[in-house]
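Each chain, written out:
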Amino acid sequence: MTELAKLVAISKSFGGVRALVEADFDVKAGEVHALLGENGAGKSTLMRVLSGEMIPNDGEIHLGGERVELRDPRDARARGIAVIHQELALAPDLSVAENIFLGELPGVIGWKDLNRRARQLIERLGFDIDPKRIVGSLAVAHQQIVEIAKALSRDVRIIVFDEPTAVLSTQDAERLHEIIKGLRANGVGVVYISHRLEEVFRISDRVTVMKDGQVVGTVATRDVTIDKVIRMMVGRSLAAMFPDKGERKIGAVRLEASKLNAGRMVRDVSFSLRAGEVVGLGGLVGSGRTEVARAIFGADPLDSGTILLDGKPLHARSPRDAVKAGIGLVPEDRKQHGVVLDKPIRINVTMARLAEVVNGLGFLKSAKESGLVGDLARSLKLKAESIDAPVSSLSGGNQQKVVLAKWFHAGGDVIILDEPTRGVDVGAKSEIYGLVNKLAEANKAVLVISSEHQELFGLCDRVLVMGEGELRGELRPESYSEENLLSMAMTGRLTETHEGMPS
Ligand SMILES: Nc1ncnc2c1ncn2[C@@H]1O[C@H](COP(=O)(O)OP(=O)(O)OP(=O)(O)O)[C@@H](O)[C@H]1O
Ligand SMILES: [Mg+2]
C-alpha cells in the first residue's frame, strides 16, 4: 500500500508539558489506522501536527515520500489532509451550506446552487439535513455530519476522525462506519481516534497506541486482542469494566415526574427515581432524552406537568433554582454548558457549589477547596499540570472529567448524567462507574443518559426507553439487550420471541 504521510520523531511541548516525545506515525492509502491512548496521551496533538494546526518543536513530516513543512491548516488542506475535530469547529451562526463552503463564498455560484450542492453532499453520506438550517440549531450528531460533508467537499487523501462516534448514536455510528469503508475503498487514508475499543477492532486495519506523548507501538489489528491493546494503553489489564453493582439499597422516591411536557421533544413523560437507585435513560439520539433532563433541571421551560422532589413540588425556573433544590446535571455538551474554558480547573469544579468553600466572610477557603478538588482530580485520574491550569489546556477527555468532577463536587440528591463517559478513556470510564456506584450508595438518585447501551446495562438497575419524545417503556435487567432496547424505542414492546408462533 502506498504511504501517504509519515511523521518522524515528532516532539511538541507546551511550557513544561511534553505532549509529544519523538512520536512516529504513518498513514497508507486505503487503510483505516486507529490511534489509541488514554486521555492526554497526545493523539489530538499529533493529528494537529499532521493538519498544520500545530508546528512541532522537532521532527519531520513526509507527504507522498517528500519532506514538507506544514505552515498552517490551509497548507495541509491544499495537500488533501482533512480533520474532523473532537471539539466541533463549525460556525454556529451560519447555515449548513455556508459552513460547508466557507472560504469559497460567494463568487460566481449563487445560493441556490450552494444549497443544492450541500444537500447532495449530505445525502451522499446518507443523511437528510436542510442546508439552510443554522448550524447552532442542529443536534451535535448532525453538526458532525456537516463537518464531514465539509471535509469531503474538497478532494481528500487523508482524513482524520478525532472521536467521531462520541457524539453519535449506535445507528449513526454504523452509518459513519459505512462512510469510512467507502472512503477506504476509494484509496483514502483514514485515521480513526476513538475510546470505543469494540468499534476500533471492527473497523481498523492497523492500531497505533500512544502513552504519555510516546508511541508504544503499531500493530495489525488482526494480530492483537482488546485486552492486549488495553495493556499497551494503560500498562495493566483492567480487571472489570463495570464494578459490581452489589445489592443496592433502594429507598423512598426522591424525584417524581408526572406528565411532563416541554416543547416538541418531551411529551407526557412520567417516571420516578428512588434513593440509592441508578436509572438509565436510553433511546436513539434525538428521542428527547436530553430534553427531559433539561426540563427537570430548569434549563428549558415546562409547558405542563409536575415534579416532586422528596415529596415537595419543585419549581425550577432556571438551573440555579434546580441546583439550590438539590439537583445536579452533567450536561452532554461540555463546551457550551459544562465548563468555562479559560478558567482554571479549580474554579470550574467549585463553581456549582461555592457556598461550601466560601466561609462566612466571603473568602475562599483555599486549602479546603484545593483538598476537595485535588481528591476528585486524583480519583478521576485527571491529567493536568496543576488544578490552576486553564481547562482549555486539557485534552478533550480530561475536559470531560472536569465537568464530572464539578457535579460530583456540587452534590445534590438527584444527579443526572448526560453521556458521562463520552470521550473518556477505558481506565477513567471504569473510575466513573465506580463514582456512580458511590453516589447510589450515598442514597442519591441517579439518572444516566447514554448512547452506549452496554454502559446502561452494566450500570443501571432499570432502563427507561424513549422514542420520539415519549417514554416508550422500561427494561429490567432480565431483558437487557441491544435488540430489546431498540425494539422498545421504536415500538414500545420487547422483541418478538418465537414462543407461541405457529410452526
Ligand atoms: N494548547 C495546549 N496548551 C497546553 N497543554 C496542552 C495544549 N494542548 C494539549 N496540551 C496537553 O498535551 C497533552 C496531550 O493532549 P492531547 O489533546 O493530544 O491528548 P489526547 O490523546 O487527544 O487525549 P483525549 O483522549 O482526552 O482527547 C495533554 O497533557 C494536554 O493537557
Ligand atoms: Mg483528543
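A. Highlighting the sheet that holds strand β12 (residues 266–274). The strand order across the open sheet built from 4 strands is β12-β11-β14-β15, with neighbouring strands paired in antiparallel fashion. Of all the strands in the sheet, just β12 and β15 (312–313) have a single pairing partner and so form its edges. The sheet contacts of helix α9 (residues 289–296) involve β11 (253–262), β12 and β14 (304–309), and relative to β12 the element is tilted by about 70°.

B. Fine view of the side chain of Ser194. In this fold, Ser194 is placed in the loop between β8 (189–193) and α7 (197–203). For Ser194, a relative accessible area of 3% translates into the label buried. Separated by 2.9 Å, the side chain of Ser194 and the backbone nitrogen of Arg196 make a polar contact. Looking at Ser194, its side chain comes within polar contact range of the side chain of Glu199, at 2.9 Å. Not counting the four nearest positions on each side in its chain, Ser194 is found in contact with Leu35, Leu36, Glu163, Thr165, Glu199 and Val200.

C. Here's a closer look at the packing of aromatic side chains. Applying the stated rule across the entire model yields 1 aromatic pair. Look at Phe457 and Tyr480: their rings are 4.8 Å apart centre to centre, the planes differ by 20°, and that puts the pair in the stacked class. Residue Phe457 is found in helix α17 (residues 453–459), and its partner Tyr480 is found in the loop between β20 (470–475) and α18 (482–491); the two are separated by 23 residues along the sequence. As far as the burial class goes, Phe457 and Tyr480 line up, both buried. The positively charged end of Arg175 is found above the aromatic ring belonging to Phe127, 4.0 Å away from the centroid.

Analysis parameters
Within any chain, residue numbers begin from 1 and follow the written order of that chain's sequence. As a convention, the first chain written is A and the first ligand written is 1, with the rest following in written order. Residues qualify for local features only when their pLDDT is at least 70, as the model is predicted, and side-chain atom pairs are given and counted only at 80 or more; totals for whole chains, interfaces and linings, by contrast, use all residues. Each side-chain value is worked out from all heavy atoms of the structure, with water and hydrogens disregarded. Two strands qualify as a pair provided that DSSP identifies no fewer than 2 bridges between them. To qualify as a helix, a DSSP run of H or I must reach at least 4 residues; to qualify as a strand, a run of E must reach at least 2; elements of each kind are numbered from the N terminus. Residue contacts are defined here by distance: any two heavy atoms, one from each residue, within 4.5 Å place the two residues in contact. Between N-to-C directions, angles span 0 to 180 degrees; the directions come from axes that are lines fitted to C-alpha atoms, helices contributing only their stretch in contact. With a 1.4 Å probe rolled over the protein chains alone, any residue whose accessible area is under 20% of its type maximum counts as buried; one over 50% counts as exposed, and the rest are partly exposed. Under this definition, polar contacts are N or O atom pairs within 3.5 Å; protein pairs additionally need one hydrogen-donor-capable and one acceptor-capable atom, and for neighbouring residues in sequence, both atoms have to be side-chain atoms. Any pair of Phe, Tyr and Trp rings, taking the six-membered ring for Trp, is counted once the centres come within 6.5 Å. Such a pair is stacked with planes under 30 degrees apart, edge-to-face with planes over 60 apart, and tilted for the rest. Two thresholds decide whether a charge sits over a ring: the Lys NZ or Arg CZ must be within 6 Å of the ring centre and within 35 degrees of the ring normal.

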